[in-house]
Amino acid sequence: MKKKLIKIFLSKRPGPQNVVAALLGLLVIVALFFADASNFYPVSDFLSASGTKVFLHHEYWRLFTTTLVHADLSHLSMNSIAFTILALLLHTYFGALVFPVLSFMVGGLINVIALSFYPGHVTLVGISGVIYFMAAFWMTLYMTIERSPSVGGSSIPLPWR
């Protein structure tokens, strides 16, 4: 007898706690941006990373805090859209260990790699590295966990299943 697939790992709908987690992450980033932009508090002076600050002055916290600083409103806006959607998806399906914990830890590692290729005076800001990790994590696990038999509405089985 063939079993019918009723529920999959990714069948769960986002709940209020998942929305709160995603929006809280976004709120932190937006609040820091506007504090910096208004010159109320020079956030980027203390949080942004460069090779010189990290590798020569040993200010390693900057690898993680630079993800919270953005160059301008356009940069913030574009990152906010992808960040919020991916934060909601990852927190809903994989929990707080993946977002925010793993996402920001890997973001720091990505920043180490990026800064090692830039000249020491170049400043790295933004959450793009975290977003790239979040998107890759989501897509990889979605493609390997999802068990529905179609791609794009067709009934063509995926080759790796």
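Going by the structure above, here's the rest.
Throughout, residues of each chain are indexed from 1 in the direction in which the sequence is written. Whole-chain, interface and lining totals are the exception, using all residues; otherwise, since this is a predicted model, local features are given only for residues with pLDDT of at least 70 and side-chain atom pairs are given and counted only at 80 or more. Hydrogen atoms and water are omitted, and side-chain values are computed over all heavy atoms in the structure.

1. A word on unusual backbone geometry
- Backbone torsion omega between Phe-99 and Pro-100 reads 20 degrees, so that peptide bond is classified as cis.
- Numbered from the N terminus, helices here are DSSP runs of H or I no shorter than four residues, and strands are runs of E no shorter than two. With respect to the helices and strands, the residue Pro-100 is situated in helix H6 (residues 97-117).
- Unusually for a residue other than glycine, His-58 sits at a positive phi of about 60 degrees.

2. Concerning the packing of helix H5 (residues 73-94) against helix H7 (residues 128-145)
- Viewed as axis vectors pointing N to C, H5 and H7 meet at an angle of 40 degrees, and their least axial separation amounts to 9 Å. Relative to H7, H5 is oriented so that their crossing is left-handed. Residues His-75, Asn-79, Ala-82, Phe-83, Leu-86, Ala-87, Leu-89, Leu-90, Tyr-93 and Phe-94 of H5 pack against Ser-128, Ile-131, Met-134, Ala-135, Phe-137, Trp-138, Leu-141 and Ile-145 of H7.
- Any residue outside Ala, Val, Leu, Ile, Met, Phe, Trp, Tyr, Cys, Pro, Asp, Glu, Lys and Arg is labelled polar, Gly included; the first ten of those are nonpolar and the last four are charged. Here the contact of H5 with H7 is built from residues that sort into 15 nonpolar, 3 polar and no charged. Under this scheme, a helix contributes an axis fitted over its contacting stretch, all axes are lines through C-alpha atoms, and angles between N-to-C directions fall in the 0 to 180 degree range. Each crossing gets its handedness from the near helix: less than a right angle anticlockwise from the far helix is left-handed, clockwise is right-handed. Residue contacts are counted whenever heavy atoms from the two residues lie within 4.5 Å of one another.

3. Concerning helix H1 (residues 16-37)
- Helix span, expected: 1.5 Å multiplied by one less than the number of residues in the helix. Between its terminal C-alpha atoms H1 stretches 31 Å, which fits the 32 Å expected from 22 residues at 1.5 Å a residue.
- By the burial criterion, the buried members of H1 are Asn-18, Ala-21, Ala-22, Gly-25, Leu-26, Ile-29, Phe-33, Ala-35 and Asp-36.
- Where H1 is buried, its residues touch helix H2 (43-47), H5 and H6.
- Once H1 finishes, Asn-39 follows within two positions and takes phi at roughly 60 degrees, a positive value. The buried label applies to any residue whose accessible area, calculated with a 1.4 Å probe on protein chains only, is under 20% of its type's maximum; exposed applies above 50%, and partly exposed to all values in between.

Take it as geometry only, folks, not as evidence of what the structure does.
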